[in-house]
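Here's the letter readout for the chains.
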Amino acid sequence: MRLQVSSRLAVFALLDLAANPDRQLSVAQIGDKYGVSSHHLAKVMHILNRAGLVRSVRGTGGGYQFSGNARRTTLLEVIALFEKLGSDGAHAAAPDPTAEGRALAEVLNEIDDIVRTTLGSITIATMLKAADRMRTQE
Amino acid sequence: MPHIIALDARVTGLAKPDYWRDVFERYGRRRLDERMFLVAEPVDARERMPLLGFVVGEVRAWEFGSAPCGWVFALSVEPRVRLRGTGRALLEALSSEFSKAGVTKMRTMVARDNHLHHLFFRSEGMMAGPYIQLEKDLD
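*Asks:* Quick one: what's the story with a positive patch on the surface, residue by residue and with numbers?
*Replies:* Residues and elements named next belong to chain A. Positive charge collects at one region of the surface, where Arg 71, Arg 72, Lys 129 and Arg 133 lie side by side. Along the chain, the position of Arg 72 falls in the loop between β2 (63-66) and α4 (75-79). Given a relative accessible area of 44%, Arg 72 falls into the partly exposed group.

*Asks:* Provide a residue-level description of the environment of Arg29(B), including the pertinent values.
*Replies:* On the secondary structure map, Arg29(B) appears in helix α2 (residues 17-29). Note: C-alpha distance between Arg29(B) and Glu41(B) (12 residues apart in sequence) is 19 Å.

*Asks:* Quick one: what's the story with the interface of chain B and chain A, residue by residue and with numbers?
*Replies:* In this complex, chain B contributes 10 residues to the contact, which on the side of chain A involves 15 residues. The junction of chain B with chain A conceals about 1100 Å² of combined surface from both sides, 52% of it contributed by carbon and sulfur atoms. Looking at the side of chain B facing chain A, the largest losses of area belong to Arg112(B), Leu119(B) and Arg122(B), adding up to 52% of the total buried there. Between chain B and chain A we count 1 salt bridge in total. Notably, a salt bridge pairs Asp113(A) with Arg112(B), separated by 2.7 Å at the nearest N-O pair. The greatest single-element share of the side of chain B that touches chain A, amounting to 5 residues, is contributed by helix α4 (residues 115-123) of chain B. Residues belonging to the side of chain B that touches chain A are distributed by class as follows: 2 nonpolar, 4 polar and 4 charged.

*Asks:* Account for unusual backbone geometry, with residues named and values stated.
*Replies:* All names here are of chain B. Although it is not a glycine, Phe 64 sits at a positive phi angle of roughly 55°. With respect to the helices and strands, the residue Phe 64 is situated in the loop between β2 (53-60) and β3 (69-77). Phi at Leu 83 is positive, roughly 65°, even though this residue is not glycine.

*Asks:* With reference to specific residues and values, describe the sheet that holds strand β1 (residues 35-40) of chain B.
*Replies:* Residue and element names in this part refer to chain B. Here we have 4 strands laid out as an open sheet, ordered β1-β2-β3-β4, and mixed in their pairing. Where the open sheet ends on each side, the last strands, each with one partner, are β1 and β4 (106-108). Each neighbouring strand pair of the sheet contributes to a mean axis angle of 25°, computed without reference to strand direction. Relative to β3, β2 runs antiparallel, the two sharing 8 bridges. Bridge pairing links Val 59 to Gly 70 in β3. Against the sheet, helix α3 (residues 86-100) contacts β1, β2, β3 and β4, and its axis sits at roughly 155° relative to β3.

Here is what the cut-offs are and how they apply
Residues numbered from 1 in each chain as written. Chains lettered and ligands numbered in written order. Predicted model: local features only at pLDDT ≥ 70, side-chain atom pairs only at ≥ 80, totals over all residues. Heavy atoms only, no water. Patch = residues over 30% accessible without salt bridge, like charges linked within 9 Å, V, L, I, M, F, W, Y side chains within 5 Å. Areas by Shrake-Rupley, 256 points an atom, 1.4 Å probe, with all protein chains shown as cover. Salt bridge = Lys/Arg side-chain N within 4 Å of Asp/Glu carboxyl O. Lys, Arg positive; Asp, Glu negative; His and termini not counted. Charge placed at Lys NZ, Arg CZ, Asp CG, Glu CD. Helix = DSSP H or I, 4+ residues; strand = E, 2+ residues; numbered from the N terminus. Buried < 20%, exposed > 50% of the residue type's maximum accessible area, 1.4 Å probe, protein only. Contact = heavy atoms within 4.5 Å. Buried area = accessible area lost by both parts, 1.4 Å probe. Nonpolar A, V, L, I, M, F, W, Y, C, P; charged D, E, K, R; others polar. Pairing = 2+ DSSP bridges. Axes fitted to C-alpha atoms, helices over the stretch in contact; angles between N-to-C directions.

Everything listed is a geometric property; what it means functionally is a separate question.
Structure (structure tokens):
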């Protein structure tokens, strides 16, 4: 499975901010770390701000702060802000007249369901722990 | 045992007294080195709760070709004391028992719609394993 660039940036930005909720990071600081333009990242941060996951801080040294609940916000909620993920029964919603088509839809729905369950079970806090584990393995 | 039965009934909405008595007989009394039935009780008597939670596990070997590993097949925490680390303490205690029994991996199974258990086990670092559960309706 591949995520769109905006979804990946949103997850990375939230992880950076949630790792230290008192810290503010500017769009340029986050963009530099992941090698993306401030222009692209600004749009992502705007959407996260509107969703209540970050808050913008004005003034010198302003930027963004994490304002969500790291133990409650799941990857599914974040990614769904940027792209459409297959939802339960989505393939059945556009019924194929053939038995082969319905059989294929059944398989694709199974895959969609697993993707949604997996992304919906992993929170920002869980991802931060996983990233820490990765660092200790380096 | 009545407290285990009552907690499970409150959490799942289904009372299963015979099942829990059978599990306790098999897991709490026999083959103690491979089967674990652990309970969390309040340290502070003022809690006025006899039981904070419980976990049941077993070391199983070679089912489905799997090398010996520890299975967590029941874990429940009193809803009034959630988010206080009881579940984590129970899982850590069970992990320790599994390690003493000589296994290096722990496994469980969670219903797809059990969001709470998914969040909990994921937060404890558990990931999808090498097996996929399959089933079919019997005609």
